Amino acid sequence: MKNESLCSVEEFNEPGKKVFEIEGLEILLIHADGEYFAVDNICPHAKTRLISGRVEDGTLTCSNHGACFDLKNGSIRLDRVDEDLLEQIDVDNLPFGPLKTYPLHIENGMIVVQL
Ligand code: FES
């Protein structure tokens, strides 16, 4: 694994989202509820960028079809998936996997992800 500094805590001290492009990856850094999360910016369902998604209660909901992901581990939160999407998919055989997440830590005031 490789460590990459994204930005300083000071630069990103308000809740929100920022995208960083590193080595061909788009990393979405989220600051919510006093925590930072790093996930892929690309939805595993139909590849929409997740920067426009909704962050709420430790989850990220894709703005395209409403897939909802747990920000800590990227798992799909079926209890919060949009009803229209639920009707279209076989929940026992999901057509897409979890959202990729990246471990991160704060080091000398910098937000560092492990790729
Ligand atoms: S592209 Fe994200 S839910 Fe379909």
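Refer to the structure above for everything that follows.
Residues numbered from 1 in each chain as written. Predicted model: local features only at pLDDT ≥ 70, side-chain atom pairs only at ≥ 80, totals over all residues. Heavy atoms only, no water.

### Side note on the nonpolar core
Phase 1: Ranked by internal contacts, the top residues of the largest apolar core, which has 19 residues, are I30, V39, L50, L60 and F69.
Phase 2: Within the residue set of this core, elements represented by two or more residues are β3 (25–32), β4 (35–40) and β7 (68–70).
Phase 3: Dropping the residues within four chain positions of it, F69 is found in contact with C43, P44, G58, T59, L60, G74, S75, I76, R77, F96, G97 and L99.
Phase 4: Listed in part, the 12 residues of the second largest apolar core include L6, Y36, Y102 and I111. (Core = buried A, V, L, I, M, F, W, Y, C linked by side-chain atoms within 4.5 Å. Buried < 20%, exposed > 50% of the residue type's maximum accessible area, 1.4 Å probe, protein only. Helix = DSSP H or I, 4+ residues; strand = E, 2+ residues; numbered from the N terminus. Contact = heavy atoms within 4.5 Å.)

### A word on the packing of aromatic side chains
Phase 1: Evaluated as defined, the whole model comprises 2 aromatic pairs.
Phase 2: Taking the centre distance of 5.9 Å and the plane angle of 50 degrees together, the rings of F12 and Y36 count as tilted. Separated by 24 residues along the polypeptide, F12 in the loop between β1 (3–8) and β2 (16–22) and Y36 in strand β4 bring together distant segments of the chain. Accessibility assignment for this pair places F12 and Y36 in one class, buried.
Phase 3: Centroid distance F69 to F96: 6.5 Å. Interplanar angle 65 degrees. Geometry classified as edge-to-face. You can see F69 sitting in strand β7 and its partner F96 sitting in the loop between α1 (83–88) and β8 (101–102), a full 27 residues away along the chain. (Phe/Tyr/Trp six-rings, centres within 6.5 Å; stacked < 30°, edge-to-face > 60°.)

Just distances and angles here, no functional claims.
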